[in-house]
Amino acid sequence: MNLLEIKNLTKQYGAETLALSDVNFSVKEGEFISVIGPSGAGKSTLLRCINRMIDATSGEVIFDGVNVYDLDKKELRKLRTKIGMIFQHYNLVNRLTVIENVLHGRLGYKSTLAGILGRYSEEEKRQAFEIIEILGLSHQVYKRCDQLSGGQKQRVGIARALIQNPKMLLCDEPIASLDPNVSKVIMDHLKNISTKLGITCLVNLHQVDVAMNYSDRIIGINNGKVVYNGPPNLTPEQIYMIYGSEAGELIMDLGGKNAS
Amino acid sequence: MELNESLKSLWAEFQRQEQSAVSKKLKIRKANKASIVMNITLVSLALLTIYGFFTFDYKGVNILEAVIATITNLKPMFLEPRFNHFGLGKGLYQVVVTLGLTFLTTLIGGTIALFLGLLAAQNLSSKNVSNLIKGFVAFVRAVPTVLWVLIFAVAAGLGSVAAVIGMTFHTVGYLIKAYSESFEELDEGVIEALKASGANWWQIVFQAVIPSSVTYLLSWTFMRFEINYMNAVAMGAAAGAGGIGYELFMASGYYFDLREVGLITYFILAIAIMLEYISIKLKIKVL
């Protein structure tokens, strides 16, 4: 069953700039999809058009049988609780503790007043501790987020998205500011979430090798258009096509797949 | 290889230039229009000041005599301070009145400014609302506190009510600007993250915006508290709002009692130092 369907999605900035032009693809439940493409190709815009952090100019996004662009403000807020989002710069409230940041993921389910006062139910708190434990942050629960390392911050970001009980995760370059070791930890967590919990993941990536290793499918975007949509074992020619022929030689480590 | 060669030629070019320009000094700052205008302004201000000193109308005052007289006046004021018309108890009571005026105006002003500051911050509000509030607030700030007190004295009569309203008014103007700029410092991504998880505006404000900017808010509020303390002293004298400022006014303008003026000045200073100490302690605790 298709969880997400994107039809003729177009986003125009100003009169000239087309960030996305006529994007079409669909995502099955539980799939792990990487979106790759050069900087400025429209990857981030695409992700944000799905949960309407950016409003597309035209086109349809059908998530879980509902057209996202038909929803009013209240319904949209409800829909966003079903879509978790993970960011390159983590976007945590640095002055608050890990557990407080994780519980922020529940705000969408709460009344305004309960959210303002930060009153969470015992069940929600128990769940938060459980997720923190799974992500290996139990020693950091009461630490303030500005005391954490990048990898730990990103795990808090993942925990905040997971406690929403989402059907899909949108990850905007989750490992772009992390070193290779930590990147592997984060990607393994995301992959686990996808396979074990059945949560669909749509991940923007800059690392082609990572995308090929982890994804069920790769979508290549260049200049606002989908130029590749298929299995993750890309050939060098296909990579050149996605990144544009003018790029010349690319720095690539295809993990021995295409060695020899 | 290619890189190496181009570097080499660049180096050679550089050395040739250096030889040809031994006599020419290197500049690290480029003269532009702004810096020229700035220099001209500074020089002409300096010249005007010097010219001013030569053309003052001294009205036959002997400068040396005047300076000596002032120093002899300062001696009883600051070296022999003494109560003459009221005692320590009344003095303390009057200081508390002044502090009450300060506290009240800062509290009311801060509360109003917190909410209007949220609406004035461009990342939390629409551009039009933000500009409207900021424009209005700029006008409020342009008029000095004393003038606001006198304006409200028309309706409320000269006294503490006019002083509270007038000082609150100016406090609101000051703090809205300070608060909204603190809110605008906040990383846009944090707001985006909470919005993406379905949180609404009030929840984002109380869960992300205020916790992130609480140190800024606190230091601006203390800053304003100190300003309001000075204002409260002045209002006691100028607008009859009571407090230690009124005693100061009586001692200087009515009794011509230099010793009491000195004592009151020390009183005010001691309280100001105490406030500063408390604010520093509090800031360390919150940080």
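Please refer to the structure placed before this passage.
Source: prediction; values computed, not measured. (Residues numbered from 1 in each chain as written. Chains lettered and ligands numbered in written order. Predicted model: local features only at pLDDT ≥ 70, side-chain atom pairs only at ≥ 80, totals over all residues. Heavy atoms only, no water.)

*Asks:* Which residues make up the packing of helix 4 (residues 88-120) of chain B against helix 11 (residues 258-286) of chain B, and what are the values?
*Replies:* All names here are of chain B. The geometry of helix 4 relative to helix 11 is characterised by a closest axis approach of 11 Å and an angle of 50° between their N-to-C directions. As far as their axial angle goes, helix 11 and helix 4 are oblique. Regarding helix 4 and helix 11, the two cross each other, and that crossing is right-handed. Taking contact as the criterion, the partners of Leu88, Gly91, Leu92, Val95 and Leu99 in helix 4 are, on helix 11, Phe267, Ile271 and Leu275. When the residues that make up the contact of helix 4 with helix 11 are grouped by side-chain class, the tally is seven nonpolar, one polar and no charged. (Axes fitted to C-alpha atoms, helices over the stretch in contact; angles between N-to-C directions. Helix = DSSP H or I, 4+ residues; strand = E, 2+ residues; numbered from the N terminus. Parallel < 35°, antiparallel > 145°, perpendicular 65-115°, else oblique. Left-handed = near helix turned anticlockwise from the far one by under 90°. Contact = heavy atoms within 4.5 Å. Nonpolar A, V, L, I, M, F, W, Y, C, P; charged D, E, K, R; others polar.)

*Asks:* So what about helix 4 of chain B? Which residues, and what values?
*Replies:* Counted at 1.5 Å a residue, the expected span for helix 4 of chain B with its 33 residues is 48 Å, and the 46 Å between its end C-alpha atoms agrees. Within helix 4 of chain B, the axis deviates most sharply at Leu114(B), by approximately 30°. (Expected span 1.5 Å × (residues − 1). Bend = angle between axes of the 7 residues up to and from the residue.)

*Asks:* Quick one: what's the story with the packing of aromatic side chains, residue by residue and with numbers?
*Replies:* Given two aromatic rings, their pairing is described by the distance between the two centres and the angle made by the two planes. Under the defined criterion, the tally for this structure stands at 14 aromatic pairs over all chains. Summarising the aromatic geometry, the rings of Phe83(B) and Phe86(B) are spaced 5.3 Å apart at their centres and angled 65° between planes, so their arrangement reads as edge-to-face. A connected cluster of aromatic rings, assembled from ring pairs, spans Phe115(B), Trp201(B), Trp202(B) and Phe206(B). Against the face of Tyr109(A) rests Arg106(A), its NZ or CZ located 4.2 Å from the ring centre. The lysine or arginine in question, Arg224(B), covers the ring of Tyr174(B), its NZ or CZ lying 4.8 Å from the ring centre. (Phe/Tyr/Trp six-rings, centres within 6.5 Å; stacked < 30°, edge-to-face > 60°. Lys NZ or Arg CZ within 6 Å of the ring centre and 35° of its normal.)

*Asks:* Talk me through the nonpolar core; I want residue IDs and the actual numbers.
*Replies:* Ranked by size, the top nonpolar core spans 74 residues in total, and within it Leu169(A), Leu190(A) and Leu234(A) carry the most contacts. Setting aside its immediate chain neighbours within four residues, Leu169(A) contacts Gly84(A), Ile86(A), Ala161(A), Leu190(A), Ile193(A), Ile199(A), Thr200(A), Cys201(A) and Leu202(A). Counting residues in each nonpolar core, the second largest holds 33 residues, with Leu3(A), Ile33(A), Phe87(A) and Ala193(B) among its members. (Core = buried A, V, L, I, M, F, W, Y, C linked by side-chain atoms within 4.5 Å. Buried < 20%, exposed > 50% of the residue type's maximum accessible area, 1.4 Å probe, protein only.)

These results come straight from atomic positions and should not be treated as a statement about function.
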